[in-house]
Amino acid sequence: MTGRIFSVVGGMFLLTVCSKGSQSSAAPAAPPAPAAVENAAAGGTITGTIKFTGVAPKNPPIDMSEEAACKAKYKTTPTEENVVAGPANALANVFVYVKAGVPAGQTFTAPTTAVVLDQDGCRYHPHVLGIMVGQPLEILNTDPVLHNIKAIAKANRPFNVSQPSAGMKTTRAFTAPEVMVNLECNVHGWMHAYAGVRPDPFFAVSAANGSFTISGLPPGTYTIEAWHEKFGTQTATVTIAGTESKTQNFTFAAR
Amino acid sequence: MIHALLLLTLVATQDTTAGKQIYTKWCAGCHGDNGAGDGPAAKHMIPPPRDFTGAVYQIRSTPSSQLPTDADLLRSIDEGLFGTAMPGWKSRLSDRQRRDVLAYIKTFSTFFADTTQRPQPIKFGNAPGGGSGAEALKVGRQFYDSIGCRKCHGDLGRGDGPSAPTLKDDAQHPIFAANLHENWRFNGGGTVEDIYRRLRTGLDGTPMPSFGDLIENKFLTDEQLWRVAQYVRSLSPKDAPVVRDVVHAPLTKSLPHAPDDSTWTAVAVYWFPLVGQIIHKARWFSPAVTGVWVKAVHTADSIALRVVWDDRSQSPDTSWLAHVGRVFATLQSDDSTPEQPAPWPDQLIVQFPVSIPTGMERPYFLMGSSGAPVYQWRWSSIARTAPVAGLARGIDRFEPLSSGGPAAQAVYDHGQWRVVFTRALASTDTASQLPFRTGRAIPVAFFASDGSNGEHGSRMAVSTWYFLALDEPVPARVFISPVLAMVLTLGLGMLVVWRAQQKTSYRRQQ
């Protein structure tokens, strides 16, 4: 089995939420002021589907015998989620974002709504997430076992905190854009998640059917990058005029 | 005003030129010219030297993710980091030099120049009293389990937990969960306060998380976290072990063959440190076995030698193969073709000379030479009761002997090997198998390999020569002679007194 697919992040819904107000980038937690909501229709949209060619590598099975509480959450042997493929070679868990083209100096207020990262069944949900600088990341432990949550980052300060029981919650925020911050649990070496940290709301994570949507883009020419943990990155240039919707598909080669 | 200007100038010149010179001379060899932890010596170290460019530091007084304070960094520079290649510089560099180099190290990362990053040390009080009492240790043990310490550090704390083989640092280098029985090797110090601080701050860049949030989340109280620290401290001896050169083997009535025979509890223990074999190729810079604990006894005709050492894995163990791969990827190999990980066994070698030397001359400690061989007992975890006796003529020449070797019994228990070797004192083959004699200093050395750390062949941990002394039974005359002498002295004295009295009374009569 390819595992349950969690590709749409809570925070993704906030893609339509953006503002041109100034952003307090240094604040470790999100500013309490609610983000101004701009009409998404006012901007352009990029949609697309992500596929891959070739044969997807098999996700290794996870031996959860050390963690009975996690193992009990699965009917069949759980696997890692390195490559989550949908029908017709659709590729989920691809982080798509505007790498360049947003005018320098334009700042966006981070939503106060947290992106939630849940540890459930000794796996991360979602496996790939996008988050804005300053937006709260709420890390939940649904498992009655010890997890440590380690962020490995370069532009941001790394952290490593522990959650030894179910119901524990830790909230963190990132201070600088970084694609990607690696999140991992060292108690369970198979647990990996990836966070794309962006200064603007123009990003998405591909769904189970490989689809993604980035909306609210002001007119301009953008470099769009698609990132996948195993297959690397792809870029494309898209020009948006007015409120038009453009299609930009990406195809990765399996490796 | 002028003073203030002078002061400003002084502060400004606490820079970086002076610091750079010191850094280049003393630090760059390991930490690299650009502070990336990639100096020429870096490929011979696990753990590798700190990469200063990320400003991620293990030993801090600040919460996880914060920068360390200057005092934190200075402490590591001054004292060094125990259990690693980082020495203390307090006695080698002046106060000014150490401050200068500290200022220079901080220039490798932009985080230190970022004014929004202000390290705030965690404030905490003193350890609650009664920390070594049974009740406190019980509470500590309870939370050791409930906060999951055992996952990496193991049930008895020897760094052998179920997750131990998978551990990596941020740069994917292999990393051991600390053996909590060796507090003298804890990077940030081995006191209860040091351990408590590590629990609060975590060791950033490593798998060790911060447990500070647990107090805020009311999962445990501050006192209970202190109890964990006190429990962890209780696992190590009161004082770090000190090397005493001579293992004394007392005389016993019967020979304890089993490692956990109750006879051993009353026998004195001796500790010998082991270091990587870095003299002959293939050299080994990352030994997993840090020392051996040795006891010995003998009877009228036999000797029993008990060697105990901590080893995180009962090798061969395929669950450690990925760890071995990471070790090989981190260390620069002597071989031109990188070696492939394999499930090697654990090994222990006890080495003696072929005969007890009469003078100070001993064979070469590192397995003798072609002209002057050494007599060895080679034990392996895949033949636990059948150690092989033989002659070594250099590190790569070993000639097994067909008979007359020792017997052995071994126990592996929660990250620890305990092996007892037994052999007759006399030897039928005195040319190659050492006859043991009482009352003589018999040279002895130890070698250990952890197969699950990639150790085999010359890749092992070694000791130098120490001595084994079979204490002679104290002969009866030792106890009788003084008594006899006392009786005789008393008798003679009384005789003198009696004679003197006789003479006096004789004179009086005259």
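Residues numbered from 1 in each chain as written. Chains lettered and ligands numbered in written order. Predicted model: local features only at pLDDT ≥ 70, side-chain atom pairs only at ≥ 80, totals over all residues.

Draft legend 1. Representation of unusual backbone geometry. Residue and element names in this part refer to chain B. The linkage connecting Ile46 with the following residue, Pro47, adopts the cis geometry, with an omega of 0°. Looking at where Pro47 falls in the secondary structure, it is placed in the loop between helix H2 (16-31) and helix H3 (70-79). With an omega of 0°, the peptide bond between Ser315 and Pro316 qualifies as cis. Considering the arrangement of structural elements, one finds Pro316 in the loop between strand S5 (302-310) and helix H10 (321-330). (Helix = DSSP H or I, 4+ residues; strand = E, 2+ residues; numbered from the N terminus.)

Draft legend 2. Region of the structure containing the interface of chain B and chain A. Between chain B and chain A, the contact holds 25 residues from the first and 20 residues from the second. Across the side of chain B that touches chain A, the residue classes tally to 9 nonpolar, 12 polar and 4 charged. (Contact = placed C-beta atoms within 7 Å. Nonpolar A, V, L, I, M, F, W, Y, C, P; charged D, E, K, R; others polar.)

Draft legend 3. Broad picture of H10 of chain B. Here H10 of chain B has its buried residues at His323, Val324, Arg326, Val327 and Thr330 of chain B. The buried side chains of H10 of chain B occupy one side of the element, clustering within an arc of 160° when seen end-on. (Buried ≥ 20, exposed ≤ 12 C-beta atoms within 10 Å, placed from the backbone. Arc of directions from axis to C-beta.)

Draft legend 4. Highlighting the domain arrangement of chain B. Residues and elements named next belong to chain B. Assigned domains within chain B: domain 1 (15-113), domain 2 (134-234), domain 3 (246-470) and domain 4 (477-510). Residue-level contacts link 17 residues of domain 2 with 13 residues of domain 3. Across the side of domain 2 that touches domain 3, the residue classes break down as 5 nonpolar, 6 polar and 6 charged. (Domains from an automatic or database assignment.)

Draft legend 5. Structural detail: the nonpolar core. Membership of the largest hydrophobic core comes to 92 residues, with the highest contact counts inside it found for Val96 and Ile214 of chain A. Here this core gets 6 residues from one element, more than from any other, and that element is helix H9 (residues 222-234) of chain B. Apart from the residues lying within four places of it in its own chain, the contact partners of Val96 of chain A are Phe203, Ala204, Ser206, Phe212, Ile214, Ile224 and Ala226 of chain A. Among the nonpolar cores identified, the runner-up in size contains 50 residues, and Leu274, Val297, Ile349 and Met367 of chain B belong to it. (Core = buried A, V, L, I, M, F, W, Y, C linked by C-beta atoms within 7 Å.)

Draft legend 6. Up close: the sheet that holds strand S6 (residues 137-141) of chain A. Residue and element names in this part refer to chain A. Taken in spatial order, the 4 strands make up an open sheet running S4-S3-S6-S9, and their pairing is mixed. Edge positions in the open sheet fall to strand S4 (123-125) and strand S9 (169-172), since each of these has one partner strand only. Between one strand axis and the next, the sheet turns by 20° as a mean value, whatever way the strands run. Note that strand S3 (residues 115-120) and S6 share 5 bridges and pair parallel. (Pairing = 2+ DSSP bridges. Axes fitted to C-alpha atoms, helices over the stretch in contact; angles between N-to-C directions.)

Draft legend 7. Representation of the packing of H3 of chain B against helix H4 (residues 95-106) of chain B. Residues and elements named next belong to chain B. Axis separation between H3 and H4 bottoms out at 10 Å; the angle between their running directions is 120°. What the angle tells us is that H3 and H4 run oblique. The handedness of the crossing between H3 and H4 comes out as right-handed. Residues Asp70, Leu73, Leu74, Ile77 and Asp78 of H3 form the contact with H4, whose own contacting residues are Arg98, Val101, Leu102 and Ile105. Taken together, the residues of the contact of H3 with H4 break down into 6 nonpolar, no polar and 3 charged. (Parallel < 35°, antiparallel > 145°, perpendicular 65-115°, else oblique. Left-handed = near helix turned anticlockwise from the far one by under 90°.)

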